[in-house]
Amino acid sequence: MNFTSLILFYVAALVSIVAAAPMRLSTRDVFVPPVLTPDAATTWTVNSTVTVTWDVSDPPAQITNKLGSIRLRKADRALPLVLADGFDILLGQIDVTVPWVVAGTDYSIVLFGDSGNWSPDFSIVGGPEF
Ligand SMILES: *[C@@H]1O[C@H](CO)[C@@H](O)[C@H](O)[C@H]1NC(C)=O
């Protein structure tokens, strides 16, 4: 191989890597089901049972992690509070008990399955003011 053909070989190899990249991305099965409730208009009351729902209308054929988990966040921080865990992510809804936390308007939940998904901020009332 002379110098020119070596360069051409590397250029061809690089082009094939770049060309292959979009295909690899489109074949990935990342399921990020949007959280439907709670939404921005939601108010939860501490100690009550509420239903978290998410959209399962468009799941990929293969889901690498079928088990979901729901965590509570306040402002931009994850709290060490697990509301539900180990359920089938394709259920689309699950009842949880609102933990006894301080009242606030900046709570949100994170739904983990294949990938995390956040709800908008919503309110929790009934607990002590901070
Ligand atoms: C929530 O539950 C805790 C623990 O059982 C209780 O002490 C508290 O008074 C309850 N708060 C409300 C608003 O029901």
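Structural data are supplied above this passage.
Residues numbered from 1 in each chain as written. Predicted model: local features only at pLDDT ≥ 70, side-chain atom pairs only at ≥ 80, totals over all residues. Heavy atoms only, no water.

## A few points about the side chain of Ser123
Link 1 in the chain: Along the chain, Ser123 falls in strand E9 (residues 122–125).
Link 2 in the chain: Its relative accessible area of 16% is what places Ser123 among the buried residues.
Link 3 in the chain: Not counting chain neighbours up to four residues away, the residues in contact with Ser123 comprise Thr42, Thr43, Trp44, Gly104 and Thr105. (Helix = DSSP H or I, 4+ residues; strand = E, 2+ residues; numbered from the N terminus. Buried < 20%, exposed > 50% of the residue type's maximum accessible area, 1.4 Å probe, protein only. Contact = heavy atoms within 4.5 Å.)

## Side note on the side chain of Arg73
Link 1 in the chain: In this structure, Arg73 sits in strand E4 (residues 67–74).
Link 2 in the chain: No salt bridge is formed by the buried Arg73; its nearest oppositely charged neighbour, Asp76, is found at 4.3 Å.
Link 3 in the chain: Reaching out from Arg73, the side chain makes a polar contact with the backbone oxygen of Asp76 at a distance of 2.9 Å. (Lys, Arg positive; Asp, Glu negative; His and termini not counted. Salt bridge = Lys/Arg side-chain N within 4 Å of Asp/Glu carboxyl O. Polar contact = N/O pair within 3.5 Å; in protein donor to acceptor, adjacent residues only side chain to side chain.)

## Focus on the sheet that holds strand E1 (residues 35–37)
Link 1 in the chain: One open sheet accounts for 3 strands, arranged E1-E3-E6; its pairing is antiparallel. In this open sheet, the two strands that pair with only one neighbour each are E1 and strand E6 (93–97). Put simply, the sheet's adjacent strands are angled 35° from each other on average, direction ignored.
Link 2 in the chain: Pairing geometry for E1 and strand E3 (residues 49–54), over 2 bridges, is antiparallel. In the sheet register, Val35 faces E3, and the bridge partner there is Trp54. (Pairing = 2+ DSSP bridges. Axes fitted to C-alpha atoms, helices over the stretch in contact; angles between N-to-C directions.)

## Observations regarding the nonpolar core
Link 1 in the chain: With 23 residues, the main nonpolar core has Trp44, Trp54, Ile70, Val96, Ile109 and Ile124 as its most contacted residues.
Link 2 in the chain: Broken down by secondary-structure element, the contributors of at least two residues to this core are E3, E4, strand E5 (77–88), E6, strand E7 (104–112) and E9.
Link 3 in the chain: Ignoring sequence-local partners within four residues, the contact set of Ile70 consists of Val52, Trp54, Leu81, Val82, Leu83, Ala84, Phe87, Ile94, Ile109, Val110 and Leu111. (Core = buried A, V, L, I, M, F, W, Y, C linked by side-chain atoms within 4.5 Å.)

## Quick word on the site of the ligand
Link 1 in the chain: Taken together, Val46, Asn47, Trp100 and Gly126 make up all the residues around the ligand.
Link 2 in the chain: The side chain of Asn47 places a nitrogen or oxygen atom 2.3 Å from an oxygen atom of the ligand.
Link 3 in the chain: Protein chains bury 40% of the 360 Å² of accessible surface belonging to the ligand in isolation.
Link 4 in the chain: Taken together, the residues that form the shell around the ligand break down as 2 nonpolar, 2 polar and no charged. (Near = heavy atom within 4 Å. Areas by Shrake-Rupley, 256 points an atom, 1.4 Å probe, with all protein chains shown as cover. Nonpolar A, V, L, I, M, F, W, Y, C, P; charged D, E, K, R; others polar.)

## Quick notes on the pairing of E3
Link 1 in the chain: Of the strand pairs in this sheet, E3 and E6 are connected by 5 bridges, and their pairing is antiparallel. Along E6, the bridge assignment pairs Thr51 with Asp95.

## With respect to the packing of aromatic side chains
Link 1 in the chain: Tallied over the entire structure, the rule returns 2 aromatic pairs.
Link 2 in the chain: Judged by centre distance (5.5 Å) and plane angle (45°), the rings of Trp54 and Phe87 are tilted. Of this pair, Trp54 sits in strand E3 while Phe87 sits in strand E5, placing them 33 residues apart in sequence. (Phe/Tyr/Trp six-rings, centres within 6.5 Å; stacked < 30°, edge-to-face > 60°.)

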